[in-house]
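Examining the three-dimensional arrangement
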Amino acid sequence: MPDYTHHIRLLRHLSDALEAHSDPNDDPFAPHADTRAIIATRHIGRGQLNYSVPEALQLQRRIHRYNADSGIPHGDIVAIALDAFLRAKGYPPEPAPPTT
């Protein structure tokens with residue numbers, strides 16, 4: 001009987017990649033389930049994201065106001081917004097390698 005292990009592994013990888021895309025729902029700004037799980041993990045490694053953005057967009061002021069209204073930390077607001085944008089444009093995070 002032929003060994004289809006390699007094909008099965010490729011199909012699982014493809015399935016994981018497809019799951020990484022956001023599913024259309026009623027709220028296009030709702031964070032992906034994977035993103036919510038990562039944000040909820042407080043002891044996860046974090047990196048600095050430092051880009052200059054146009055001051056006319058008032059992003060810092062708006063993030064501070066949203067934080068005051070929602071209680072969501074500033075870094076999480078930025079992470080959720082960028083993740084949603086990049087997923088919508090077809091750039092989901094790469095799936096984690098399968099554990100054996």
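For the structure, check the block above.
Procedures and definitions
- All chains use their own residue numbering, which begins from 1 and follows the written sequence.
- Totals for whole chains, interfaces and linings use every residue, but because this is a predicted model, local features are given only for residues with pLDDT of at least 70 and side-chain atom pairs only at 80 or more, for both listing and counting.
- Here the side-chain values reflect all heavy atoms present in the structure, with hydrogen atoms and water set aside.
- Each helix corresponds to a stretch of at least 4 residues labelled H or I by DSSP, and each strand to a stretch of at least 2 residues labelled E; elements are numbered beginning at the N terminus.
- For every residue, the accessible area (1.4 Å probe, protein chains only) is compared with the maximum for its type, and the residue is labelled buried under 20%, exposed over 50%, or partly exposed between those bounds.
- In the analysis that follows, any N or O atom pair within 3.5 Å is treated as a polar contact, provided that within protein one partner can donate a hydrogen and the other can accept it, and provided that, for residues neighboring in sequence, both atoms belong to side chains.
- Convention adopted: a line fitted to C-alpha atoms gives each axis, helices being fitted over their contacting stretch, and angles between N-to-C directions are expressed from 0 to 180 degrees.
- Should an angle fall under 35 degrees it is taken as roughly parallel, and over 145 as roughly antiparallel, whereas 65 to 115 is taken as roughly perpendicular and any remaining angle as oblique.
- It is the rotation of the near helix from the far one that decides the hand of a crossing: anticlockwise by less than a right angle makes it left-handed, clockwise makes it right-handed.
- Should any heavy atoms of two residues lie within 4.5 Å, those residues are counted as being in contact.
- Residue classes follow a fixed rule: Ala, Val, Leu, Ile, Met, Phe, Trp, Tyr, Cys and Pro count as nonpolar, while Asp, Glu, Lys and Arg count as charged, and any other residue, Gly among them, counts as polar.
- To estimate how far a helix should reach, multiply one less than its number of residues by 1.5 Å.
- The arc in question is traced by the directions running from the helix axis to the C-beta atoms.

1. A short note on the side chain of Arg87
Mapping Arg87 onto the fold places it in helix 4 (residues 74-88). Relative accessible area serves as the criterion here: at 5%, Arg87 is assigned to the buried category. At 2.8 Å, the side chain of Arg87 and the side chain of Asp83 are in polar contact.

2. Some details on the packing of helix 2 (residues 33-40) against helix 4
Where helix 2 meets helix 4, the closest approach of the two axes is 11 Å, and the angle between their N-to-C directions is 160 degrees. Relative to helix 4, the element helix 2 lies roughly antiparallel. In this structure, the crossing between helix 2 and helix 4 has a hand that is right-handed. Residues Asp34, Thr35 and Ile39 of helix 2 form the contact with helix 4, whose participating residues are Asp76, Ala79, Ile80, Asp83 and Arg87. Per-class residue counts for the contact of helix 2 with helix 4 are three nonpolar, one polar and four charged.

3. Describing unusual backbone geometry
A negative phi holds for most residues other than glycine; trans holds for most peptide bonds. The phi torsion at Gln58 lies on the positive side, around 55 degrees, for a residue other than glycine. Its location among the elements puts Gln58 in the loop between helix 2 and helix 3 (59-70). The partly exposed category is assigned to Gln58, whose relative accessible area is 39%.

4. So, helix 4
Spacing of three or four residues puts side chains on the same side of an α-helix, whose turn is 3.6 residues. Here helix 4 contains 15 residues, and its C-alpha end-to-end distance of 22 Å stays within 8% of the 21 Å for a straight helix at 1.5 Å per residue. When we look at burial in helix 4, the residues that qualify are Asp76, Ile77, Ile80, Asp83 and Arg87. One face of helix 4 carries all of its buried residues, which in axial projection span an arc of 140 degrees. Here the buried face of helix 4 lies against helix 2 and helix 3. Just downstream of helix 4 lies Gly90, where phi reads positive at about 95 degrees.

5. Re the environment of Arg46
Residue position: Arg46 is located in the loop between helix 2 and helix 3. Between the alpha carbons of Arg46 and Gly75 there is a distance of 9.3 Å; along the sequence they are 29 residues apart. The residues contacting Arg46, other than those within four sequence positions of it, are Ile39 and Asp76. At 2.9 Å, the side chain of Arg46 and the side chain of Asp76 are in polar contact.

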